[in-house]
Amino acid sequence: MDLFLLKKIIGFLIMPLSLISILLILALILFYKKPSLSFKCLLSASTLLILLSTGYVSDRVMHPIENNFVSYQSTDKPVDYIVILGCGNSSNPDLPATSQLFPCSLQRLVEALRIFKLHPEAQLITSGAAFDNNASNATNVKQAAMALGVPDEKIIVESFPKDTEEEAELIAPRVQGKNVVLVTNADHMLRAVNYFKQQGVDVIPAPASNWVKNIDSYKNWSYYLPKSHNLTQTTNAWYESIGLIVQWLKSES
């Protein structure tokens, strides 16, 4: 089996909703033979689902992950490259390029364009493979950037990397010794910066679209109720935490 696919399958199986589903299935299987254990599985699944879906829990597991870097601010120092890491797209010629991007890709592009306005001397580098799409994520992001006013000659496309580690390996030789701004979602930034450091590139982080906007602000009663949005946020925090652990283990081996 392809190593990339294997990593995705294992990652899927240890996500919160997958673990909750496994507990619920076990509760059904054990219902007649071991009702006490079945009840414990059901109770564990329900507790996990409720807790991980509340804003209080999801914010507190996400905030330490995405709060490692401040938003990018303009400086007098020229920027050579703005690297936009890939996230996802779905090719459909009936839709404008901006609508073919997954929300995370669009969020990264918006932040990159904000920085490009501050530093028009820079070149954009878009990244990301095609997977099952007709066009790669890198190509789709380029098309969207052009639709929003960036000249074709200002964009470099890297369509081969399938994950962040491959992106760092492929892009690093091109940007070595240059002033590089790295754009990715805030929750993904720490892992991305680490991968580029491993390749000898000290990037300037430009985190996009924080999940937690202000953890200390006033919250009304609905903040503490379970919501699907919060479970998605918790899942992302869980995923990035596992990614950071794997990254550390690989660096130590």
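Just so you know, these numbers come straight off a predicted model, no measurement behind them.

For the rest of this paragraph, the subject is the packing of aromatic side chains. A full pass over the atoms with the stated rule returns three aromatic pairs. One aromatic cluster is present, formed by Tyr56, Tyr223 and Tyr224 through successive ring pairs. The ring of Tyr223 is capped by Lys219, whose NZ or CZ atom sits 5.2 Å from the centre of that ring.

Attention now goes to the state of the cysteines. In the structure shown here, the tally under the stated rule is one disulfide. Each disulfide pairs two cysteine sulfurs, and for Cys87 the partner residue is Cys104, the sulfurs being separated by 1.8 Å. One disulfide, between Cys87 and Cys104, carries an S-S torsion of -90° and so falls in the left-handed class. Here Cys87 is found in the loop between strand E1 (81-84) and helix H5 (97-100), whereas its partner Cys104 is found in helix H6 (residues 103-118), with 17 residues between them in sequence. Given a relative accessible area of 18%, Cys104 falls into the buried group.

Attention now goes to the sheet that holds strand E3 (residues 155-158). Within the open sheet, the five strands sit side by side as E3-E2-E1-E4-E5. Their pairing is parallel. Both outer strands of the open sheet, E3 and strand E5 (204-208), are each paired with one neighbouring strand and no more. The sheet shows a mean angle of 20° between the axes of neighbouring strands, taken without regard to direction. Judged from the four bridges that link them, strand E2 (residues 123-127) and E3 form a sheet pairing that is parallel.

Formed by 21 residues in total, the largest nonpolar core has its most connected members in Ile82, Leu109, Ile115, Leu124, Val150, Val181 and Val183. Listed by contribution, the elements that provide at least two residues to this core are E1, H6, helix H7 (137-147) and strand E4 (180-185). By residue number, the principal contributor to this core is H6, which donates five residues. Those residues in contact with Ile82 that lie beyond four places of it in its chain are Ala112, Ile115, Phe116, Ala122, Gln123, Leu124, Ile125, Val181 and Val183. If you look at the next biggest cluster of nonpolar residues, it comprises 18 residues, including Val83, Ala192, Val193 and Tyr195.

Basis of the calculations
- Residues numbered from 1 in each chain as written.
- Predicted model: local features only at pLDDT ≥ 70, side-chain atom pairs only at ≥ 80, totals over all residues.
- Heavy atoms only, no water.
- Phe/Tyr/Trp six-rings, centres within 6.5 Å; stacked < 30°, edge-to-face > 60°.
- Lys NZ or Arg CZ within 6 Å of the ring centre and 35° of its normal.
- Disulfide = S-S within 2.5 Å.
- Helix = DSSP H or I, 4+ residues; strand = E, 2+ residues; numbered from the N terminus.
- Buried < 20%, exposed > 50% of the residue type's maximum accessible area, 1.4 Å probe, protein only.
- Pairing = 2+ DSSP bridges.
- Axes fitted to C-alpha atoms, helices over the stretch in contact; angles between N-to-C directions.
- Core = buried A, V, L, I, M, F, W, Y, C linked by side-chain atoms within 4.5 Å.
- Contact = heavy atoms within 4.5 Å.

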